[in-house]
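# Tertiary structure, described
The primary structure of each chain is shown beneath.
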Amino acid sequence: MTEREEVLAKARAAKAITGQVAQLTSGQKNEILLAAADRLVARTADILAANEQDIAAGREAGLADSLIDRLALSEERIAGIAGGLRQVAGLTDPVGEVLRGSVMPNGIQMKQVRVPLGVMGMVYEARPNVTVDAFGLALKSGNVALLRGSKSARNSNACLVEILQSVLVEHGVPAEAVQLLPCETHESVQDLITARGLVDVVIPRGGAGLINAVILGATVPTIETGTGNCHVYIDRDADPEQAVSILLNSKTRRVSVCNAAETVLLDSALPDPAVFITALQEAGVRVHGDVDKLGADVPATEEDFAEEYLSMDIAAALVDGVDGAIAHIAEYSSGHTEAIVTNNIVSAQRFADAVDSAAVMINASTAFTDGEQYGMGAEIGISTQKLHARGPMALPELTTTKWILQGTGQTRP
């Protein structure tokens, strides 16, 4: 069987059971999610063994440290992944929620309700946790998951999917409710994103190259999750100690994630803007900016301000107050998350109103743009588009709606 034949066969199998999965009760879905969480923890040793194979292969292939970090699992991370499933189990089931309704003048009762999307394809890079997150969110929202992970995580993903499928079968649900697609060639991505009629939506999660390839090549509807060129703006009215704390947490907490800060903007009216550069350097961050005025490590180029580094690097620039920061963000941001540090309520409101990104933080780290932090449990990704979903995507964003009209024999004249 060729990769294309395998992708299409799995897509057909997924499509065939959408009705069965959509009809699962909240109790059934929650029982599966909790059992899967327990099984993942119980089989930690198996998961880590598979993951170590991927890490060894990745190091041999020369994967960047940031990608190795995304790929790596540990007992703590597996426990966190399982915890995400438990959180999802505890969330309100969106399926069947009535969004609005009314009675027509002729007596017909009408309501708009949430329903599953159907077959949900995921294309993602080097993050085994996404395998479980996608499964959990897809199942709770009544969807069937087709997962196309990266070749670099194939052993980890295969082990995780085998565990999840075993739990499904034990609970009377077909194993095809979550399937792992082949990853040997890039053609399997194209086969997935053009399986119109079999796949209802595709969600890419990864770097700009992956996302653009999916968005531009898909004939299946897509939900775009964007790259994270996130900014921290430190205003003239910021508390310096608080600003340093927020900046360092935004940049250094975990550099390989999309909510990490990649640019710091410093108000030119700050008494000593270079103090923030020094704080970054002392934390091991390489600063791209004005070497003379700020004491940056290397001069910044135009490309630096549009870069998602995913490393211990950051771009830095002086701007003319809050309006200068807003203008810079409008030019270079990917629309993910921007933060302002200030004690000036007028500046904070101006920033919040004018910045056009999925999330705006006022005196808080960019690291809080996260589905779990928002109380959504595991997230499917951070959407930077403006249609259907924006920001962390969880259960409601994985549903669509339908109208149900109930009459008593009415006919239209």
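Note that the structure is predicted; figures quoted are calculated from it, not measured. (Residues numbered from 1 in each chain as written. Predicted model: local features only at pLDDT ≥ 70, side-chain atom pairs only at ≥ 80, totals over all residues. Heavy atoms only, no water.)

### Points about the pattern of salt bridges
Scanning the model with the defined rule gives 19 salt bridges in all. Where Arg86 meets Asp38, a salt bridge forms, and the shortest distance between an N and an O atom there is 3.0 Å. With Arg86 in helix H6 (residues 75–89) and Asp38 in helix H3 (residues 26–42), this residue pair connects regions lying 48 residues apart in the sequence. Residue Asp38 is classed as partly exposed on the basis of its relative accessible area, which comes to 46%. Between Asp313 and Arg286 there is a salt bridge, with the nearest N and O atoms lying 3.7 Å from each other. Within this pair, whereas Asp313 is found in strand E10 (residues 313–319), its partner Arg286 is found in strand E9 (residues 286–288), the two being separated by 27 residues in sequence. Bridged by salt links that share partners, the residues Arg43, Asp46 and Glu162 form one connected network. (Salt bridge = Lys/Arg side-chain N within 4 Å of Asp/Glu carboxyl O. Helix = DSSP H or I, 4+ residues; strand = E, 2+ residues; numbered from the N terminus. Buried < 20%, exposed > 50% of the residue type's maximum accessible area, 1.4 Å probe, protein only.)

### Some details on the UniProt feature "domain: Aldehyde dehydrogenase" (unreviewed entry) in the chain
Mapped onto the present numbering, the UniProt feature "domain: Aldehyde dehydrogenase" (unreviewed entry) falls at residues 4–282. End-to-end, the C-alpha atoms of residues 4–282 are 51 Å apart, and along that stretch the chain is 51% helix and 16% strand. (UniProt positions renumbered as here; feature names shortened; annotations may be inferred.)

### Overview of the pairing of strand E2 (residues 109–116)
On any regular strand, side chains alternate: one points to one face of the sheet, the next to the other face. Within E2, 6 of the 8 residues are buried, leaving the element largely enclosed by the surrounding structure. By the bridge criterion, 5 bridges tie strand E1 (residues 98–103) to E2 in an arrangement that is antiparallel. Bridging across to E2, Gly101 finds its partner in Lys111. Turn length for the E1-E2 hairpin, with the two strands adjacent in sequence and antiparallel, is 5 residues, and the turn residue Gly107 shows positive phi of about 100°. The pairing of E2 with strand E15 (residues 399–406) spans 8 bridges and is classified as antiparallel. Bridge pairing links Val113 to Lys402 in E15. (Pairing = 2+ DSSP bridges.)

### What to know about the sheet that holds strand E4 (residues 144–148)
The strand order E5-E4-E3-E6 describes an open sheet built from 4 strands, whose pairing is parallel. Since the sheet does not close on itself, it has two edges, and those belong to strand E5 (178–180) and strand E6 (201–205), each with one partner. Ignoring which end each strand starts from, the neighbouring axes of this sheet average 20° apart. Relative to E5, E4 runs parallel, the two being bridged by 3 bridges. (Axes fitted to C-alpha atoms, helices over the stretch in contact; angles between N-to-C directions.)

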